[in-house]
Amino acid sequence: MATVTTRRRTKADLLKDLRAGFSNAIDESALVQDVPYMLQAISTPHVTFPEAASGVRRKLTVSFGAGMLPPGLAHLLATVVEMGLLYRKLSDYTSAIDASSHADGLVVQSFRASLAEELTAYLTKVSAVESEVRQGLSQDESTPRVTLKRVAVWVSEDLLRLRLMNTLVDAVVGPSGHAHKGGAAINVVHAISRHGDPFVQDFSSRILRQMSRPFYAMLAKWVFEGELVDPHQEFLVRAASPTSAIKTSRSRAGAGEDAWQGKYTLVDELVPVWLSTSLAQKIFLIGKSLNFIRHACHDDAYVAEHARTSPAELTIDTPEVLEATVEQAYKETSHHLKHLLVDKLHLLDHLLALKKYILLNAGDFSAILMEALADSLARPAHTLHGHNLTSALSDAIQTSNAHHEPDHVLRRLDARMVEGARGTIGWDVFTLEYRLGKPLDAVVTSAHARSYLKLFNFLWRLKRVEHDLGVSWRRNTTAERGMMAAVPSTRSLWKQTRGLAAEMIHFVTQLQYYILFEVVESSWSILATALAHPDADLDAMAQAHDAYIRNILHKALLATDHPSQNQDQDNLAALHEILKLILLFVGQQDALYKHTLALYHRRPTAFSSSAGRRGQGRDYESTRDETTDGGVGEVNAGDGGGGGGAVEDEGGVLIGKAIGKTSVLFRRECGYLLGKLYASPSQEMKMLAVRLNFNDFYPIPRIRPTASTTQDQQPS
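Cut-offs applied
- Residues numbered from 1 in each chain as written.
- Predicted model: local features only at pLDDT ≥ 70, side-chain atom pairs only at ≥ 80, totals over all residues.
- Heavy atoms only, no water.
- Helix = DSSP H or I, 4+ residues; strand = E, 2+ residues; numbered from the N terminus.
- Buried < 20%, exposed > 50% of the residue type's maximum accessible area, 1.4 Å probe, protein only.
- Contact = heavy atoms within 4.5 Å.
- Areas by Shrake-Rupley, 256 points an atom, 1.4 Å probe, with all protein chains shown as cover.
- Core = buried A, V, L, I, M, F, W, Y, C linked by side-chain atoms within 4.5 Å.
- Salt bridge = Lys/Arg side-chain N within 4 Å of Asp/Glu carboxyl O.
- Pairing = 2+ DSSP bridges.
- Polar contact = N/O pair within 3.5 Å; in protein donor to acceptor, adjacent residues only side chain to side chain.
- Axes fitted to C-alpha atoms, helices over the stretch in contact; angles between N-to-C directions.
- Parallel < 35°, antiparallel > 145°, perpendicular 65-115°, else oblique.
- Left-handed = near helix turned anticlockwise from the far one by under 90°.
- Phe/Tyr/Trp six-rings, centres within 6.5 Å; stacked < 30°, edge-to-face > 60°.
- Lys NZ or Arg CZ within 6 Å of the ring centre and 35° of its normal.
- Nonpolar A, V, L, I, M, F, W, Y, C, P; charged D, E, K, R; others polar.

## A look at the overall build of the chain
Okay, step 1: Counting secondary structure elements, the chain contains 27 helices and six strands.
Okay, step 2: Across the 716 residues in the chain, those meeting the buried criterion constitute 47%.
Okay, step 3: In the chain, of all internal contacts separated by at least 6 residues, the share reaching a separation of at least 24 is 76%.
Okay, step 4: With the model as given, the accessible surface of the chain reaches about 35700 Å², and the carbon-plus-sulfur share is 54%.

Shown next as structure tokens:
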């Protein structure tokens, strides 16, 4: 029986059968003829491209004809088709001219232009390929001169460029479709250029160099002339008002505080990554300084000279030149601006004048002004007139060391009345004002002016308390050996009164010493050191003054560094309560003085029998006329002229009770305030508490006493 054997099929047989299946395969020579068109995404009889996409982010597909395509040719053809698709996408991106493309800014427009140049070079390569294809087809050779494999080799480097450009476009446009602008777009391309492949690095750096030119043009304009030419808001500096970003040199508006603090801001996300934070800050300050010098200080000559002597061009290829230029420009502009403010505009003189006359550091001036205005300010506020206040201020200046001040200081000092509540007295509405105009208000801002006003009102009230205590002490000391010695019934009450007055004088004296020396003088020393620093720019001077006034406000108003603001307000309220009690006590002391004076005049005639007694009475009468304000007649009328001892005893008892109650309230409030100061984390507050209570005289309560409000407790 015959055996049938089957031969095992080899790989050659399988390959033969596969090739037999491509009887209708597309001829490679026909595909080669279409290569120049496919490289530009133009449809051919064998490869059909869809219509142009409406957006660059849309996925494009390719459809083949009815013919079959061997796998080897399909791979080569896919390379050509990919290049065509990339070219179409990039061409659509670079040729898009609409409102959104203009809104992207000059940097992105420059990026588009650099890509357009690369696509032009790509089309030149396509033309060379087309020339080779035509020459190959015109020759009748058995072996084709141009094949798809050879074309793929020719355009391999161009494929890498197209892929890299596509990556750059995707990075700049972003996933949301909103293109990065200015420095942000530069940072995206710069990140891609930091690549290990030399081809990627060189190509990205070339694109980066082209697209950064508008940025460096804006940088040169800002650093050399102080002008912000940025219509699309893509530079690292942004104007507060969009309309002021275009050619700010055409506008002379804006000076002083607005011209420095609020006119420009530094946009961190638009700062190129190769610029350090300190260098970007210096670039920002250079332009601000030049702009401030030109528009606020009106020194156009310096800005023009600075622009003339500056380097001609700045590029991304010379970072060391940029850094050296910025450092030099920063030193020159900061030094010149400091010279204008300190030497020409007398900044230090004005700050010292604020310290002397607003913070009442000039003792002779404040004492004379207090004496001149004491009677007027005790009357209702509506009876005060501005010219009277100005006249008193002028007299205080002429009779104190203030008359040695230069004219640019004195003409800025003025006395005025602030808006007060209805029925207030002159003490509540009087204030001194030191007017600082532009451009010095870049350092002493409007917020600082309000802080100075707040400090003056507090210190003026403290001076008033000191003045009233001093007047009462001098009057009582003068009458102690005369009138008071002649009225023995009030000796014990006067002893109590003198002790309480000594407590209050000690409290006020120590508080004033703390404020004027440990707060104001120490803060001024820090400010003067900061202003004298050779590298201090306007920002540093403004920050030093801001820290100066904040430190004074913080410490003078007894802030305790406690996290809660209520704690600080509570301390200040307790201090004001103590000052109210002192003023109340001064009024009670005046009532006691008048009561004693009335008893002195109604004393028995035996006291005035001798000539010595009569002489003593005459001496006192002259003192009484100078120190009393017509209140004696009121007390005499209340006692009925020649009334008896019952009335006298009743008046003294009422006054004694009022003073005793004030003494209790004063000591309780002092104890409460001292407890807060002792518990403060601030060492200054603790030392102030030790100074006020050096012998532990005041008891320190654990909770605040429920003290009654300090109403008018003067006896009727």
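Text resumes after the structure shown.
## Points about the nonpolar core
Okay, step 1: Grouped together as the largest cluster of nonpolar side chains are 196 residues, with contacts concentrated most on F111, F292, F365, F430, F507 and F666.
Okay, step 2: Counting residues per element, this core draws most heavily on helix α23 (residues 565-601), at 16 residues.

## A closer look at the pattern of salt bridges
Okay, step 1: Tallying each qualifying case throughout the model produces 29 salt bridges.
Okay, step 2: With a closest N to O distance of 3.0 Å, E405 and K356 form a salt bridge. Of the two residues, E405 sits in the loop between α17 (386-398) and α18 (407-410) while K356 sits in helix α15 (residues 347-358), which places them 49 residues apart along the sequence.
Okay, step 3: By relative accessible area, K356 is classed as partly exposed at 26%.
Okay, step 4: With a shortest N-O distance of 3.2 Å, E433 and R435 are connected by a salt bridge.
Okay, step 5: What you see here is one network of salt bridges that share partners, running through K125, E157, D158 and R161.

## A short note on the environment of P439
Okay, step 1: By the element assignment, P439 lies in the loop between β6 (430-434) and α20 (446-480).
Okay, step 2: For P439, a relative accessible area of 6% puts it in the buried group.
Okay, step 3: Between the alpha carbons of P439 and W260 there is a distance of 8.9 Å; along the sequence they are 179 residues apart.

## Structural notes on the pairing of β6
Okay, step 1: In terms of burial, β6 is largely enclosed, as four of its five residues are buried.
Okay, step 2: The pairing of strand β5 (residues 413-417) with β6 spans five bridges and is classified as antiparallel. Within β6, the residue paired with A415 across the bridge is L432.

## Thoughts on the environment of V508
Okay, step 1: Note on placement: V508 falls in helix α21 (residues 491-532).
Okay, step 2: Separated by 71 residues in sequence, V508 and L579 place their C-alpha atoms 8.7 Å apart.
Okay, step 3: V508 has contacts with L462, V465, E466, L469 and I582, leaving out every residue within four places of it along the chain.

## A word on unusual backbone geometry
Okay, step 1: In this model, K438 is joined to P439 through a cis peptide bond whose omega is 5°.
Okay, step 2: At A41, a position not held by glycine, the phi torsion is positive, near 60°.
Okay, step 3: Following the sequence through the fold, A41 ends up in the loop between α2 (28-38) and β1 (47-48).
Okay, step 4: Here H346, not a glycine, exhibits a phi torsion of approximately 60°, which is positive.
Okay, step 5: By secondary structure assignment, the location of H346 is in the loop between α14 (319-344) and α15.

## Brief notes about the side chain of S193
Okay, step 1: Within the secondary structure, S193 is located in helix α8 (residues 182-193).
Okay, step 2: Using a relative accessible area of 5% as the deciding quantity, one classes S193 as buried.
Okay, step 3: A polar side-chain atom of S193 sits 2.6 Å from the main-chain carbonyl oxygen of H190.
Okay, step 4: In this view, S193 contacts Q201, S204, S205 and L208; residues no more than four positions away in its chain are not counted.

## Considering the packing of α20 against helix α22 (residues 538-556)
Packed helix pairs are specified by the crossing angle of their axes together with the interaxial distance, meaning the distance between the axes.
Okay, step 1: With their axes 11 Å apart at the nearest point, α20 and α22 run at an angle of 30° to one another. By the angle class used here, α20 and α22 are roughly parallel. Where α20 crosses over α22, the two elements pack in a sense that is left-handed. For the pair α20 and α22, the contacting residues are H448, S451, Y452, K454, L455 and F458 in the first and H545, D546, Y548, I549, I552, L553 and A556 in the second.

## Overview of the packing of aromatic side chains
Okay, step 1: Under the defined criterion, the tally for this structure stands at 17 aromatic pairs.
Okay, step 2: A centroid spacing of 5.8 Å and a plane angle of 80° characterise the contact between F215 and Y216, whose relative ring orientation is edge-to-face. Taken individually, F215 and Y216 each receive the classification buried, so the pair is uniform in this respect.
Okay, step 3: On the basis of an interplanar angle of 85° and a centroid distance of 5.1 Å, the ring pair of F697 and Y698 is categorised as edge-to-face.
Okay, step 4: We classify Y698 as buried; its relative accessible area is 7%.
Okay, step 5: The rings of W427, F430, F456 and W460 are connected pair by pair, giving a single aromatic cluster.
Okay, step 6: We note R112 situated over the ring of Y93; from NZ or CZ to the ring centre the distance is 4.2 Å.

## A look at the packing of helix α5 (residues 106-138) against α8
Okay, step 1: Following both chains from N to C, one finds α5 and α8 inclined at 40°, their axes separated by 8 Å at the closest point. Here α5 lies oblique to α8, going by the angle between them. Across the interface between the two elements, V107, V108 and F111 of α5 pack against G182, A185, I186 and V189 of α8.
Okay, step 2: Here the contact of α5 with α8 is composed, by residue class, of six nonpolar, one polar and no charged.

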